[in-house]
Protein chains: 2
Amino acid sequence: MPTRKQEKVVSLKDITVACQACSLNEICLPVGIENKDMERLDAIIDRKRPLARGEHLFRIGDRFRSLYAVRSGSLKTYATSEDGQEQIMGFHLPGELVGLDAIANDVHPLAAKALETTSICEIPFDSFESLSNQLPSLQRQMLRVMSQEIHNDEQNMLTLGQRSAEERLAAFLISLSNRYRRRGFSSTQFNLTMSRGDIGNYLGLALETVSRLFTRFQNEGLLKVERRNIELIDRQRLCHFSSANCYGDNPDNT
Amino acid sequence: MPTRKQEKVVSLKDITVACQACSLNEICLPVGIENKDMERLDAIIDRKRPLARGEHLFRIGDRFRSLYAVRSGSLKTYATSEDGQEQIMGFHLPGELVGLDAIANDVHPLAAKALETTSICEIPFDSFESLSNQLPSLQRQMLRVMSQEIHNDEQNMLTLGQRSAEERLAAFLISLSNRYRRRGFSSTQFNLTMSRGDIGNYLGLALETVSRLFTRFQNEGLLKVERRNIELIDRQRLCHFSSANCYGDNPDNT
DNA sequence: GTTGATCATTGACGCAGATCAAGAGTGGAT
DNA sequence: ATCCACTCTTGATCTGCGTCAATGATCAAC
């Protein structure tokens with residue numbers, strides 16, 4: 001096994017997990033990468049000490065050096081307006097990439113903060129670029145991932161611009177559900193790792209509205225929610241509520 | 001000069017314009033591409049017959065084969081909800097790329113329609129990919145363009161989620177202004193190629209609200225507007241209204 | 001156990017902006 | 001010129017959701 005840079009804090013078990021064996025490998029970079037190529041990708045990836053809840057992975061204005069993939073836990077990314085108000089732009093679950101928006105200007109336009117204890121793979125962009133020059137499949141994969149991200153952002157724009165509070169929250173829950181399922185977690189029962197305030201902020205709603213909607217959805221038998229724990233009872237109907245296309249159960253986020 | 005596929009309808013003057021000489025070359029793919037490389041890029045680009053107002057460049061669900069760059073004129077991209085409602089996701093001005101969201105799933109998730117007579121460069125994605133395998137600079141440039149697109153979409157999400165009607169319209173006008181300036185057009189006087197309805201749809205506002213805001217902005221001396229023709233009188237103040245960062249006059253869109 | 005901090009729920013009220021409705025330009029077709 | 005189809009403006013109402021405020025849970029610290 002090739003040696004690689006490692007943090008002392010990381011357990012032995014952790015650092016012996018290669019991308020190849022990692023349950024996230026088809027997630028980070030879903031398809032079309034050969035095993036042999038995967039080894040080379042693996043070699044450039046740096047596994048970092050886990051972040052504690054509230055710790056920053058990077059801050060607004062930080063120089064861009066690496067992309068990051070969430071291995072476990074979750075992050076939020078946010079901008080701040082001049083008056084210091086936080087505006088959440090996304091939540092990031094295991095297997096999702098963070099930092100794609102920083103490539104263009106070599107600066108992170110958003111900050112990323114852990115919502116819970118979170119471990120991360122760091123992918124130094126230099127190494128990534130030179131590797132992808134040699135591996136067309138990696139390059140192609142990267143374009144797909146970024147394209148998907150653009151597509152997702154468009155979906156979010158649609159939700160924010162045209163949907164009612166009810167539709168937004170429903171769409172949000174379905175989105176989380178899809179993303180969890182895709183990673184092999186339960187799609188009907190999971191923990192919200194973010195507060196009502198965070199959800200409201202992200203969806204462009206007051207936190208009170210979010211809270212009211214949760215109770216209403218619960219009364220209507222759509223779901224059961226208790227604090228951060230949520231169970232989707234009638235996913236079908238919830239999905240219908242979101243006025244999204246609930247057909248192909250589209251892969252949704254990154 | 002290398003021969004290339006050409007539509008009979010295109011004037012001679014048009015087809016002799018190479019990417020190299022094209023006023024758009026640093027726009028489509030802004031930096032870091034050598035002249036020699038630019039020639040090779042130029043060779044794969046297909047110039048198409050202009051679209052008439054209302055014509056589609058592609059429709060939702062169309063197979064993805066090419067990226068497109070607007071040469072002159074303008075496009076809108078939009079999704080349709082099941083009830084046939086149109087939801088506009090973006091407007092595209094000369095020098096901007098369209099279709100980046102289609103790479104991920106080989107299908108166009110949005111339709112693109114000409115707002116006026118519009119000419120287009122078609123960039124077949126196959127050729128583009130194999131060329132970019134040979135040209136690291138092109139590859140890098142593509143990542144930057146896509147990253148910028150993600151960043152822009154995030155900005156739009158912020159606007160839609162948190163801003164008032166007034167702020168949204170101001171931000172929209174400033175964005176157009178920046179994009180026109182960047183292409184060498186006037187940043188204070190230009191034509192809106194889209195209707196009030198389109199603007200409202202895009203910004204998540206009723207067309208009546210857009211109309212009212214235009215008159216209000218005019219009364220307040222921020223701008224002068226007559227039908228589709230607009231002149232920004234007090235760009236500073238308008239920018240301040242938009243609660244965006246008006247400092248570096250950020251490049252804004254793609 | 002008590003205290004304090006954070007987070008969530010619920011109610012009362014008001015407003016920004018949607019919706020409904022009625023004209024008024026404007027431009028192309030004939 | 002006249003007509004028709006659009007697009008835009010402006011006014012009058014209505015309502016979804018934000019804001020303000022009070023109370024209740026949960027959890028960590030000690």
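Residues numbered from 1 in each chain as written. Chains lettered and ligands numbered in written order. Predicted model: local features only at pLDDT ≥ 70, side-chain atom pairs only at ≥ 80, totals over all residues. Heavy atoms only, no water.

## Things to note about the protein's contact with DNA strand C
Inference 1: If you check the shell around DNA strand C, you find 19 residues, and the closest are Ser211, Arg212 and Thr215 of chain A together with Ala165 and Thr209 of chain B.
Inference 2: Within the contact set of DNA strand C, a phosphate oxygen lies 2.9 Å away from a side-chain nitrogen or oxygen of arginine 196 of chain A.
Inference 3: Within the contact set of DNA strand C, a phosphate oxygen lies 3.5 Å away from a side-chain nitrogen or oxygen of threonine 215 of chain A.
Inference 4: Of all the elements in the fold, those that place two or more residues in the surface near DNA strand C are helix H8 (207-219) of chain A together with helix H8 (207-219) of chain B.
Inference 5: Here the element with the most residues in the surface near DNA strand C is H8 of chain A; it accounts for five residues.
Inference 6: When its residues are assigned to classes, the surface near DNA strand C shows four nonpolar, six polar and nine charged. (Near = heavy atom within 4 Å. Polar contact = N/O pair within 3.5 Å; in protein donor to acceptor, adjacent residues only side chain to side chain. Helix = DSSP H or I, 4+ residues; strand = E, 2+ residues; numbered from the N terminus. Nonpolar A, V, L, I, M, F, W, Y, C, P; charged D, E, K, R; others polar.)

## Here's the deal with the pairing of strand S11 (residues 229-232) of chain B
Residue and element names in this part refer to chain B.
Inference 1: Across the two faces of S11 the burial differs, with Ile230 and Leu232 buried and Asn229 and Glu231 not buried at all.
Inference 2: Inspection of the sheet shows strand S9 (residues 189-191) paired to S11 by three bridges, in the antiparallel sense. Residue pairing for S11: phenylalanine 190 is matched across the bridge by isoleucine 230.
Inference 3: Where strand S10 (residues 223-226) lies against S11, four bridges are found, and the strand directions are antiparallel. Along S11, the bridge assignment pairs leucine 223 with leucine 232.
Inference 4: The antiparallel pairing of S10 with S11 creates a hairpin that spans two residues between the two strands, and arginine 227 there sits at a positive phi of about 55°. (Buried < 20%, exposed > 50% of the residue type's maximum accessible area, 1.4 Å probe, protein only. Pairing = 2+ DSSP bridges.)

## What about the packing of aromatic side chains?
Residue and element names in this part refer to chain A.
Inference 1: Evaluation of the coordinates by the stated rule reveals 18 aromatic pairs over all chains.
Inference 2: Judged by centre distance (5.1 Å) and plane angle (55°), the rings of phenylalanine 64 and phenylalanine 125 are tilted. Taken together, the positions of phenylalanine 64 in the loop between strand S2 (56-58) and strand S3 (66-72) and phenylalanine 125 in helix H4 (residues 125-134) put the pair 61 residues apart, joining distant regions of the chain. The pair formed by phenylalanine 64 and phenylalanine 125 is uniform in burial state, with each residue classed as buried.
Inference 3: Three or more aromatic residues link up through ring pairs in this structure, and these residues are Phe64, Phe125 and Phe128.
Inference 4: Just above the ring of tyrosine 78 sits the side chain of lysine 76; from NZ or CZ to the centre is 5.9 Å. (Phe/Tyr/Trp six-rings, centres within 6.5 Å; stacked < 30°, edge-to-face > 60°. Lys NZ or Arg CZ within 6 Å of the ring centre and 35° of its normal.)

## Observations regarding the side chain of serine 242 of chain B
Inference 1: Position of serine 242 of chain B among the secondary structure elements: in the segment after helix H9 (235-241).
Inference 2: Using a relative accessible area of 3% as the deciding quantity, one classes serine 242 of chain B as buried.

## A look at the nonpolar core
Inference 1: Leu169, Phe172 and Phe214 of chain A together with Leu169 and Phe172 of chain B are the most contacted members of the largest nonpolar core, which totals 74 residues.
Inference 2: Discounting residues that sit within four places of it in the chain, leucine 169 of chain A has contacts with Ile199, Leu203, Val210, Leu213, Phe214 and Phe217 of chain A.
Inference 3: Membership of the second largest hydrophobic core comes to 41 residues, among which are Leu97, Ala102, Ile103 and Leu135 of chain A. (Core = buried A, V, L, I, M, F, W, Y, C linked by side-chain atoms within 4.5 Å. Contact = heavy atoms within 4.5 Å.)

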